[in-house]
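# Observations on chain architecture
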Amino acid sequence: MLKITGGQHLSGTVEISGSKNASLPIIAASLLLEKVTLHNVPRIGDIFSLLEIIVSLGVIVDFTGNRLTMDMTAISLRNMDRELMKKIRASILLLSPLLYRFGTVDIPFPGGCNIGKRPIDEHLNGLREIGYDSVDGSESIHLSGTLQAGDKNLYAGFAVTATENLITANVLRSGKTRIHLAAIEPHVVNLVDFLKKQGANITINYDHTIDIVGVENINPAGEFSIGYDYIESGTFVVFGALCSEEYIDIHHACISGLTSFLGKCHEVGVRFQDLGNDTLRVFRSEHLKAVKFQTNVFPGFPTDLQSVFCILLSQAEGVSRVQEIMFEGRLNFLVELEKMKGHPALMNPHEALIFGPTHLRGATVSSWDLRA
Ligand code: EPZ
């Protein structure tokens, strides 16, 4: 429960933290190594939940400040906490390293924000293609088998965690892998950087294919610093535009990962200045105007910033149009905006109009997903 007293004005500087969506796949992929030290890991719920699962696998974990060390010497499936795995979507990322180590894994269907049906067919199709058989229970996924050698073409449907699972599953498989329709979000690139630093042979191509040449082994001990969180940065851009006294400065703003988002902010009338060294100054912005936008795979407008951007649009003059192409449940949070006297109109699960500007009032609201 968060209790927020409105009417405050922000000023000063915010330091963006390490990326949640890069930390989760990198922590999972770390299970391929024996000892790993990760820096800049954010201290947030999803990370603690994943680490609880990792500890139940017998991994020795130390998470002090933003530094995480993991020792996989005693890793085993014996006490794996299956209940915990239902809590977060990211538990699906454990499939590939556990299959590589043990040849078999049985995990419950993963949880995650209720933003849509969250299928896992892309994950399972890819893992079957490289040699694992799957037996789908009603409540769990059972996979077993041995990695097949040879060249493979896999398809990820632009899904982020499916792409990440298939990358991790193939870095040590003998043969070449081409992942088609791969997601190339900044957190996927960060996972690739982590694995390449440990000796993996991976290339990301301009046409959303990712090429992997399997290697015999990767470094048993690794160290890496997680990239910054562009979704958190985008959230503070909207904060700065609507709530700052004069301006706020965002350090580690991930400007290069926010091109589509900042382009739309500029179109609405948000004033910001690139101060260099990845610091963004965002000014309190008035006379905002309505726009239309559509979420898309990277480098398109990030679906994770859709709800934040809708709040900005509630303060823009005119009728804005939102198209959420990714998730059928991600516009539902707009009912909460109505409780605050906003004026959205949900046309269908993938499209809404936002009438503005509306003076938002305090209310008791619920969060439908972590970004909302
Ligand atoms: C990742 O989820 C992120 N989570 C999500 O961020 C993000 O919203 C999403 O990518 C899209 O960018 C993490 O990285 C941990 P999906 P992911 O549910 O990859 C279809 C946040 O706010 N699909 O797989 O798990 C699916 O229907 C979270 O930080 C299949 O069809 O996304 C959807 O349209 C919320 N079959 C799209 O792909 C599959 O097997 C992505 O959905 C898998 C996905």
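What comes next concerns the included structure. Residue indices begin from 1 for each chain and proceed along its sequence in written order. It should be noted that, the model being predicted, local features are given only for residues of pLDDT at least 70 and side-chain atom pairs only at 80 or more, the latter also being counted only at that level, while totals for whole chains, interfaces and linings use all residues. Water and hydrogen atoms play no part in the side-chain values, which are based on all heavy atoms of the structure.

As a further point, take the overall build of the protein chain. In this description a helix means any DSSP run of H or I spanning at least four residues, a strand means any run of E spanning at least two, and both kinds are numbered starting from the N terminus. Helix and strand content of the protein chain: 11 helices and 19 strands. Using C-alpha atoms as the atom set, the radius of gyration is obtained and then compared with a globule rule of 2.2 Å times the number of residues to the power 0.38. Computed over C-alpha atoms, the radius of gyration of the protein chain comes to 21 Å, within 12% of the 21 Å expected from 2.2 N^0.38 for 372 residues, which places it in the range of a compact globule. With the C-alpha coordinates aligned to their principal axes, the bounding extent of the protein chain is approximately 60 × 40 × 40 Å. Classification of residues uses two cut-offs on accessible area relative to the type maximum, computed with a 1.4 Å probe and protein chains only: under 20% is buried, over 50% is exposed, and between them is partly exposed. Residues classed as buried in the protein chain amount to 51% of the 372 residues present.

The full set close to the ligand counts 21 residues, and Arg89, Arg118, Glu122, Thr161 and Asp304 are the nearest of them. A distance of 2.9 Å separates an oxygen atom of the ligand from a polar atom in the side chain of Lys20. For accessible areas, the Shrake-Rupley method is used with a probe of radius 1.4 Å. Any residue's cover is judged against the shown protein chains and nothing else. Here the ligand loses 90% of its free accessible area of 820 Å² to cover by the protein chains. Only Asp, Glu, Lys and Arg are considered charged in this grouping, and only Ala, Val, Leu, Ile, Met, Phe, Trp, Tyr, Cys and Pro are considered nonpolar; every other residue, Gly among them, is considered polar. The residue makeup of the shell around the ligand, split by class, is nine nonpolar, four polar and eight charged. By convention in this text, a residue qualifies as near a molecule or strand provided that one of its non-hydrogen atoms is within 4 Å of it. Throughout this description, a polar contact denotes any pair of N or O atoms lying within 3.5 Å of each other; where both atoms belong to protein, one of them has to be capable of donating a hydrogen while the other can accept it, and for residues adjacent in sequence the pair is counted only when both atoms sit in side chains.

Positionally, Ala183 belongs in the loop between strand S9 (176-180) and helix H7 (186-197). Overall, the relative accessible area of 1% leaves Ala183 in the buried class. By definition in these notes, contact holds between two residues if any of their heavy atoms fall within 4.5 Å. Residue contacts for Ala183: discarding those within four places in its chain leaves Phe158, Ala159, Val160, Thr163, Val188 and Ile210.

Locating Thr235 in the fold gives a position in helix H8 (residues 230-243). Sequence-distant contacts of Thr235, defined by excluding residues within four places in its chain, comprise Leu305 and Val308.

Take the state of the cysteines next. Disulfides are defined in this document as cysteine sulfur pairs within 2.5 Å. Inspection of every chain in the model, using the stated rule, returns zero disulfides. Among the cysteines around Cys243, which has no disulfide bond, Cys265 carries the closest sulfur, lying 13 Å off.

The pairing of strand S18 (residues 343-348) with strand S19 (residues 351-356) spans five bridges and is classified as antiparallel. Each residue of the ladder has a partner; that of Asn348, found in S19, is Glu351. Joining the antiparallel neighbours S18 and S19 is a turn of two residues. Strand pairing is defined by DSSP finding a minimum of two bridges between the two strands.

Where helices are involved, their axes are fitted lines through C-alpha atoms of the stretch in contact, as for all axes, and angles between N-to-C directions lie from 0 to 180°. It is at 11 Å that the axes of H8 and helix H9 (residues 259-268) come closest, and there the two elements cross at 10 degrees. Compared by their axis directions, H8 and H9 come out roughly parallel. Taken together, the residues of H9 that come into contact with H8 (itself represented by Gly234, Val237 and Val238) are Phe261, Leu262 and Cys265. Tallied by class, residues from the contact of H8 with H9 come to five nonpolar, one polar and no charged. Each angle is binned into one of four classes, with values under 35 degrees roughly parallel, values over 145 roughly antiparallel, values of 65 to 115 roughly perpendicular, and all other values oblique.

As a further point, take the pattern of salt bridges. Any carboxyl oxygen of Asp or Glu within 4 Å of a side-chain nitrogen of Lys or Arg constitutes a salt bridge here. According to the stated counting rule, one finds 13 salt bridges in the structure shown. In this structure, the salt-bridge partner of Asp46 is Lys20, at a minimum N-O distance of 3.5 Å. In this pair, Asp46 is assigned in helix H2 (residues 45-56) and Lys20 in helix H1 (residues 20-29), connecting sequence segments 26 residues apart. By relative accessible area, which is 26% here, Asp46 ends up partly exposed. Where Asp369 meets Arg330, a salt bridge forms, and the shortest distance between an N and an O atom there is 3.5 Å. Here Arg330 lies in the loop between strand S17 (318-323) and helix H11 (334-339) and Asp369 lies in the segment after S19, a separation of 39 residues in the sequence. Judged by its relative accessible area of 4%, Arg330 falls in the buried class. Within the structure, one salt-bridge network assembled from shared partners comprises Asp304, Arg330 and Asp369.

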